[in-house]
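Structural overview
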Amino acid sequence: MEELAREAGITVRTLRFYRERGLIQLPRREGRIAWYGDHHLAKLRTIAALLERGHTLNGIADLAAAFDSGRDVSEVLGLGEPTEETPVRLSPEELADYFEGEVTAENLAAALDLGYLATDGEELVHISRRLLEVSAALVREGVPLAAILEAGRRVRVHTEALAELFATTLRTHTTTDTATDPAKLRPLAQSVVEAELSMALDRHLRTPQD
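Basis of the calculations
- Residues numbered from 1 in each chain as written.
- Predicted model: local features only at pLDDT ≥ 70, side-chain atom pairs only at ≥ 80, totals over all residues.
- Heavy atoms only, no water.
- Helix = DSSP H or I, 4+ residues; strand = E, 2+ residues; numbered from the N terminus.
- Buried < 20%, exposed > 50% of the residue type's maximum accessible area, 1.4 Å probe, protein only.
- Areas by Shrake-Rupley, 256 points an atom, 1.4 Å probe, with all protein chains shown as cover.
- Expected span 1.5 Å × (residues − 1).
- Arc of directions from axis to C-beta.
- Contact = heavy atoms within 4.5 Å.
- Polar contact = N/O pair within 3.5 Å; in protein donor to acceptor, adjacent residues only side chain to side chain.
- Axes fitted to C-alpha atoms, helices over the stretch in contact; angles between N-to-C directions.
- Parallel < 35°, antiparallel > 145°, perpendicular 65-115°, else oblique.
- Left-handed = near helix turned anticlockwise from the far one by under 90°.
- Pairing = 2+ DSSP bridges.
- Core = buried A, V, L, I, M, F, W, Y, C linked by side-chain atoms within 4.5 Å.
- Phe/Tyr/Trp six-rings, centres within 6.5 Å; stacked < 30°, edge-to-face > 60°.

Our focus in this paragraph is the overall build of the chain. The secondary structure content of the chain amounts to 10 helices and five strands. Looking at the chain residue by residue over its 210 residues, the buried ones come to 30%. Carbon and sulfur atoms make up 53% of the accessible area of the chain, which amounts to about 14200 Å² in all.

For the rest of this paragraph, the subject is helix α8 (residues 129-140). Taking 1.5 Å of rise per residue, 12 residues should cover 16 Å, and α8 covers 17 Å from first to last C-alpha, within 8% of that figure. The complete set of buried residues in α8 reads Leu132, Ser135, Ala136 and Val139. An end-on view of α8 places all buried positions within 100 degrees of arc, on one side of the element. Elements that come into contact with the buried residues of α8 comprise β3 (88-90), α6 (92-98), β5 (123-126) and α9 (145-173). If you check the start of α8, you find a side-chain oxygen 3.3 Å away from the backbone N of arginine 130, and it comes from serine 128. Positive phi shows up at glycine 142, right after α8, with a value of about 105 degrees.

The subject of this paragraph is the packing of helix α7 (residues 105-114) against α9. Where α7 meets α9, the closest approach of the two axes is 10 Å, and the angle between their N-to-C directions is 20 degrees. As far as their axial angle goes, α9 and α7 are roughly parallel. The two elements α7 and α9 cross, and the hand of that crossing is left-handed. On the side of α7, the interface is formed by Asn107, Ala110, Ala111, Asp113 and Leu114, while α9 contributes Leu145, Ala146, Leu149, Arg153 and Arg156.

Working definition: the strands of a sheet are paired by backbone hydrogen bonds and lie parallel or antiparallel to each other. Read across the sheet, three strands follow the order β3-β5-β4 without closing on themselves; strand pairing throughout is antiparallel. Both edges of this open sheet fall to β3 and β4 (117-120), since each of them pairs with a single strand only. Sheet twist, expressed as the average angle between the axes of neighbouring strands with direction ignored, equals 30 degrees. In the sheet, β4 pairs with β5 via four bridges, with the strands oriented antiparallel. Opposite alanine 118, over in β5, you have valine 125 as the bridge partner.

Moving on, we come to the nonpolar core. One finds Leu95, Phe99, Leu117, Leu145 and Leu149 to be the most contacted residues of the largest nonpolar core, which totals 20 residues. Where this core is concerned, the elements lending two or more residues are β3, α6, α7, α8 and α9. Of the residues forming this core, the biggest block, five residues, is contributed by α7. In this structure leucine 145 touches Phe99, Glu102, Asn107 and Val139, once residues within four positions along its chain are discounted. Residues Tyr18, Leu41, Leu44 and Ile60 belong to the second largest nonpolar core, which totals 14 residues.

On to the packing of aromatic side chains, then. Tallied over the full model, the rule gives two aromatic pairs. Centroid distance phenylalanine 17 to tyrosine 18: 6.4 Å. Interplanar angle 50 degrees. Geometry classified as tilted. You can call tyrosine 18 buried: its relative accessible area is 8%. For the pair tyrosine 98 and phenylalanine 99, a centre-to-centre distance of 6.2 Å together with 40 degrees between the ring planes defines the contact as tilted.

Moving on, we come to the side chain of serine 135. With respect to the helices and strands, the residue serine 135 is situated in helix α8. Here leucine 131 takes part through its backbone oxygen, which lies 2.8 Å from a polar atom of the side chain of serine 135. Ignoring any residue separated from it by four or fewer positions in sequence, one finds serine 135 in contact with Phe99 and Ile148.

Next up on the list: the side chain of histidine 126. Among the structural elements, histidine 126 can be located in strand β5. Looking at histidine 126, its side chain comes within polar contact range of the main-chain oxygen of serine 128, at 3.0 Å. In this view, histidine 126 contacts Pro87, Val88, Leu90, Tyr116, Leu117, Leu131 and Leu132; residues no more than four positions away in its chain are not counted.

Nothing here speaks to function; it is geometry throughout.
Here is the structure:
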């Protein structure tokens, strides 16, 4: 404990307080010896970084609880299943840099619940680089992250319905006799949705002068 506190630049008393609050995991014990590892040091440095960004210890405790509630990475990302999305590994500090001032316990819990984020040891994994970059761009434009996550939740309802519609249509009207490659059909379905969304945005974002 003394060695860990020294490496982290904090007092043993502070370390004990963090441990009692559940902010760091209990050490591995061998008899009367308690062994702390690199993951404990990484967690302490994360706590220090969050404190520097203005988070309270209560808020950090909520974040830690949200981290622990994350589903297994393979479950969230569907490893082994076909996908066009590229996952991104992030430290908590890197995630905070993407969404400066917006990484709250509530937003983190919402992202975990949506499956946008998963935990993998001391790292976070975002399911899609494309979604991550777009979300960060919207935040820079002044849209609150909470509003983006809520929009994502509502969009998912519609995209699930669209995916089911196209999947049913393709299964109904293509057979093994036609030898149609599903990999060719998928981008065609996506193109229909993108074109319709583009035209709908034109209608809804059109200025009164137009």
